[in-house]
Amino acid sequence: MATIHRRKALKLLASLALGSASWAQVQSSPKRVHIAIVGGGAGGIAILSKLSRMAPNAKITLITPNEIQIYQPGQLFMAAGLARGSEMRKPTRDFLPPGIQWIRAKVAEFDPKHNRLLTDEGKELFYDLLVVAVGTSYHYQRIEGLSRELVGRGSIASVYLNDPESGGLQGGTTTWKWLTAIHQRLTSNPSKPVRLLLTHPSTPIKCIGAPWSILYLASHLFQGGGPLPKTKGKIEVTHIGPSPLWQRSPYRQALEAVQEKYPNIEVLPDYELIALTPERAIVAGQGGERELPYDFIHITPPMSGANELRHSPLAGEREAKEWMEVDPKTLQHRRYPNIFGIGDVVATPGGKSAWTILYQSRVVAANIVAQMEGRPLPAQFDGTTLSPIKTGYSQAMVAAFDYEDPVKELPLDPLKPSRIWWWLDRYLAKPIYWNFLLRGLI
Ligand SMILES: Cc1cc2nc3c(=O)[nH]c(=O)nc-3n(C[C@H](O)[C@H](O)[C@H](O)COP(=O)(O)OP(=O)(O)OC[C@H]3O[C@@H](n4cnc5c(N)ncnc54)[C@H](O)[C@@H]3O)c2cc1C
């Protein structure tokens, strides 16, 4: 059985990795220019690796503070009690091709009119071409009564909590502790129902499937589907917030079908969490404000482009004011043509995921090389996003869409929960991330 899954998963993988064909025709440029890359996470390292081969004579400078790379999708498996943080980290230096200059600092100021960057250590840097890959910032404090420091303690969890700057993966570890605490409550006091809330903000978020994954992994865990025994206690689970997946057909139908297995889940898509006390969540929506008592709560935080970016001239002027304004197809900045964006930071209408970066990195690399050669930009990003949704322990489906298709046609139905999707997500995605995506090989 496992061999069949492995074979099917590998076939599926090959089709996902091939993606759009234009990537294969990309050329290189011998020009001597200075390319600066700001942000050294998934997007920054993937584009760095590609450009170091395609622009062999360019001077490339990476400006990023993090000595460690983290595999953020692994936080969900840590939260499920299936993996440890040590499996999700690698040194940044292992991914840097020879000849790259690395400035271990943050960019504090973007000055695109003068092609200039200023680091938080006061160093000035000038570039010919710039790629911005600074990711997101979380804003737990926008929920009244909540702060980042309160998350991961006692009744409040958030699988998202991490720190790409220091390599912290707190969300994975603390969410597993939180799930075991709920499990213990259900086991030790089965006559008292536990009220569990899970929230979704109205801002765009990275990995659109993750809030649903936590919902279903938790529900399955308490039914005995995971590494802990089945509980006898009663649990009332409420998912609150405007998740685009619940609002979009046929995703809603697919999620409703999953929930037939978990009849204690209620979804309140028209409300958003605005304030929190130790016992109550205050949610607001068209019907006004409501107070929901809770015992345990999982927060998906409001997100924006990284703080230094959202306060810079590169952020959107009229729309998407907290994200980097790019042409959604070429990924070139709308007002500064020598600047490109990649990863979670860009204000494209699609999703934000590591798989998205795979497709974006091909486009950005091809367009930068063309610009170096004075040619029109040849490559267009079609918005491809793949975001796995764990529908329980050992089953997953995938939110798979692009700018045109609400559901991408793939060799295996993305909306049908299957062991193959789980297998791909659990066992193949991480080696692909480290060995191919970050090395610019796909
Ligand atoms: C819990 C969770 C589950 C996920 N699950 C999945 C999944 O299953 N599948 C999937 O495809 N994706 C998933 N993702 C999303 C995926 O991890 C992200 O989309 C991806 O890591 C984004 O890469 P990035 O380069 O845009 O940002 P990041 O990887 O966050 O990197 C940003 C980098 O910029 C640096 N930086 C920030 N500010 C500055 C500055 N001012 N100057 C210089 N450097 C700066 C940071 O130190 C960091 O190195 C998940 C994410 C989370 C949190």
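Residues numbered from 1 in each chain as written. Predicted model: local features only at pLDDT ≥ 70, side-chain atom pairs only at ≥ 80, totals over all residues.

A.B. asks: Residues and numbers for the sheet that holds strand β1 (residues 34-38), please.
C.D. replies: Adjacent strands of a sheet pair through backbone hydrogen bonds, lying either parallel or antiparallel. Strand order in the open sheet formed by five strands is β5-β2-β1-β9-β20, with parallel pairing between adjacent strands. Each end of this open sheet is capped by a strand with a single partner; those strands are β5 (101-103) and β20 (339-341). Each adjacent strand pair in this sheet contributes to an overall mean axis angle of 20°, direction not counted. For β1 and strand β2 (residues 59-63), the ladder comprises five bridges, and the chain directions are parallel. Within the sheet, the bridge partner assigned to Ile35 lies in β2 and is Ile60. Sheet contacts for helix α2 (residues 42-54): β1, β2 and β9 (129-132); angle to β2, the most-contacted strand, approximately 170°. (Pairing = 2+ DSSP bridges. Helix = DSSP H or I, 4+ residues; strand = E, 2+ residues; numbered from the N terminus. Axes fitted to C-alpha atoms, helices over the stretch in contact; angles between N-to-C directions. Contact = placed C-beta atoms within 7 Å.)

A.B. asks: Lay out the domain arrangement of the protein with the relevant residues and their values.
C.D. replies: Each domain of the protein was delimited in the assignment, giving domain 1 (22-137 + 304-372) and domain 2 (140-302). If you average the C-alpha positions of domain 1 and of domain 2, the two centres end up 31 Å apart. Taken together, the contact pairs 23 residues of domain 1 with 22 residues of domain 2. Taken together, the elements giving at least two residues each to the side of domain 1 that touches domain 2 come down to β3 (68-70) and α3 (74-79). Here the side of domain 1 that touches domain 2 gets five residues from one element, more than from any other, and that element is α3. Looking at the side of domain 1 that touches domain 2 residue by residue, the class counts come to eight nonpolar, twelve polar and three charged. (Domains from an automatic or database assignment. Nonpolar A, V, L, I, M, F, W, Y, C, P; charged D, E, K, R; others polar.)

A.B. asks: Describe the site of the ligand, with residues and values.
C.D. replies: Looking at the ligand, there are 41 residues lining it, with Gly39, Gly41, Gln72, Gly135 and Gly343 nearest. Where the shell around the ligand is concerned, the elements lending two or more residues are α2, α3, α9 (354-372) and β21 (385-392). Across the shell around the ligand, the residue classes break down as 20 nonpolar, 15 polar and six charged. Residue-level mapping places the shell around the ligand at the junction of two domains, with at least three residues from each of domain 1 (22-137 + 304-372) and domain 2 (140-302). (Near = placed C-beta within 6 Å.)

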